[in-house]
Amino acid sequence: MAWFKREDKGIITTTQEKKEAPDGIWNKCPNCKKPLHYSEQVENQYVCHYCGFHLRIGSKEYFSVLFDDNQFTELFADLHSGDPLHFTDTKKYSDRLTETKTKTGLTDAIRAGVGKINGQDIVIACMDFNFIGGSMGSVVGEKIARSIDYSIKHKVPFLMISKSGGARMMEAAFSLMQMAKTSAKLALLAQARIPYISLLTDPTTGGVTASYAMLGDINIAEPGALIGFAGPRVIKETIKKDLPKGFQTAEFVQEHGFLDFIVDRREMKEKLASFLKMLAPYGVQEPVAEKEADNS
């Protein structure tokens, strides 16, 4: 039974000989606290296989989950935020942008791409929370607007994946105007009878919730996602009352009629493909009024 105890004493491993696990190989589930290996996360589409908790992921991971064979063409990748107000808080906004771009490898808090889901063409715009809290600045609004223009021009359905802390206040009114701009563009998408699916993930808050996130032909969310305008703490301090259990979770929001479905990420691709098939017969077609005008 010698293998239960160390017979040789004083064994010392030099620092150079020590082996450490590379960063990013292991992660801990925020819900059940159990360790998750990276390969298991990828295989289970970044959902904890112990408790079903949906880990926060970015556009890279969502694109790999949804696009067929992770094949897509990125749209408008060269757009970068400016600093129109020369804003400074604890540091200059321009410096914050530079640091965040270097750290994340992203140009802003959103990426857009066109590809296929189960063989059906789709444009997907996905927000990244790692870029200044997924805040909605002028570039976020512009990429969404251009993605919608692309969908209208090529008659391709549009999927918006929201994950945001709200408006980017370093851009003040430039940021807030993106709510109106994206909502107006979605109205044009509706007039063109092109399907718009809104996917709300954890968290979706602030001006994003108050604009394009809640304007989908179909609004869906991931289980347990935080969805709301102001945060629960702010609301509680304002109304001076305790909030209902589960307040602002996806389940609570669906119960009160603001969501159509809550879908597990592992079933998301198949569910979206089904939505696209169902919406196809009612999609792009010549408006009735124009047909009647042509017939006359």
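In the block above lies the structure referred to throughout.
Residues numbered from 1 in each chain as written. Predicted model: local features only at pLDDT ≥ 70, side-chain atom pairs only at ≥ 80, totals over all residues. Heavy atoms only, no water.

## Re the side chain of Ser 81
Considering the arrangement of structural elements, one finds Ser 81 in the loop between strand E3 (72–75) and helix H3 (93–104). A polar atom in the side chain of Ser 81 sits 2.4 Å from the side chain of Asp 108. Here the side chain of Ser 81 touches Arg 168 through a polar contact of 3.4 Å, side chain to side chain. In contact with Ser 81, not counting residues within four places along its chain, are Tyr 93, Leu 97, Lys 101, Asp 108, Val 139, Arg 168 and Glu 171. (Helix = DSSP H or I, 4+ residues; strand = E, 2+ residues; numbered from the N terminus. Polar contact = N/O pair within 3.5 Å; in protein donor to acceptor, adjacent residues only side chain to side chain. Contact = heavy atoms within 4.5 Å.)

## Considering the nonpolar core
Judged by nonpolar contacts, the single largest core of 36 residues is most densely connected at Val 140, Ile 144, Phe 158, Met 160, Tyr 212 and Ile 227. Elements with a contribution of two residues or more to this core: H3, strand E4 (110–117), strand E5 (120–127), helix H4 (138–154), strand E6 (158–164), helix H5 (173–191), strand E7 (196–204) and helix H8 (250–255). If near-sequence neighbours (up to four positions away) are discounted, Val 140 is found in contact with Asp 108, Ala 109, Ile 110, Met 127, Ser 135 and Tyr 212. If you look at the next biggest cluster of nonpolar residues, it comprises 23 residues, including Leu 66, Cys 126, Leu 159 and Ile 197. (Core = buried A, V, L, I, M, F, W, Y, C linked by side-chain atoms within 4.5 Å. Buried < 20%, exposed > 50% of the residue type's maximum accessible area, 1.4 Å probe, protein only.)

## Some points on the pattern of salt bridges
For the structure shown, the criterion picks out 15 salt bridges. The residue Asp 149 makes a salt bridge to Lys 185 at a minimum N-O spacing of 3.0 Å. In this pair, Asp 149 sits in helix H4 while Lys 185 sits in helix H5, placing the two residues 36 residues apart along the sequence. Take Asp 149: its relative accessible area is 31%, and that puts it in the partly exposed class. Sharing partners across several salt bridges, the network here consists of Asp 108, Arg 168 and Glu 171. (Salt bridge = Lys/Arg side-chain N within 4 Å of Asp/Glu carboxyl O.)

## What to know about the packing of aromatic side chains
Taken as a whole and judged by the stated rule, the model has six aromatic pairs. Aromatic rings pair up to connect Phe 63, Phe 67 and Phe 72 into one cluster. A cation over an aromatic ring shows up here: Arg 56 above the ring of Phe 129, its NZ or CZ 4.9 Å from the ring centre. (Phe/Tyr/Trp six-rings, centres within 6.5 Å; stacked < 30°, edge-to-face > 60°. Lys NZ or Arg CZ within 6 Å of the ring centre and 35° of its normal.)

## Looking at the packing of H4 against H5
Between H4 and H5, the shortest axis-to-axis distance is 8 Å and the interhelical angle comes to 10 degrees. Taken together, the axes of H4 and H5 are roughly parallel relative to one another. Of the residues in H5, those touching H4 at Ser 138, Gly 141, Glu 142, Ile 144, Ala 145, Ile 148, Asp 149, Ser 151 and Ile 152 are Phe 174, Gln 178, Lys 181, Thr 182, Lys 185, Leu 186, Leu 188 and Leu 189. Its residues assigned to classes, the contact of H4 with H5 shows eight nonpolar, five polar and four charged. (Axes fitted to C-alpha atoms, helices over the stretch in contact; angles between N-to-C directions. Parallel < 35°, antiparallel > 145°, perpendicular 65-115°, else oblique. Nonpolar A, V, L, I, M, F, W, Y, C, P; charged D, E, K, R; others polar.)

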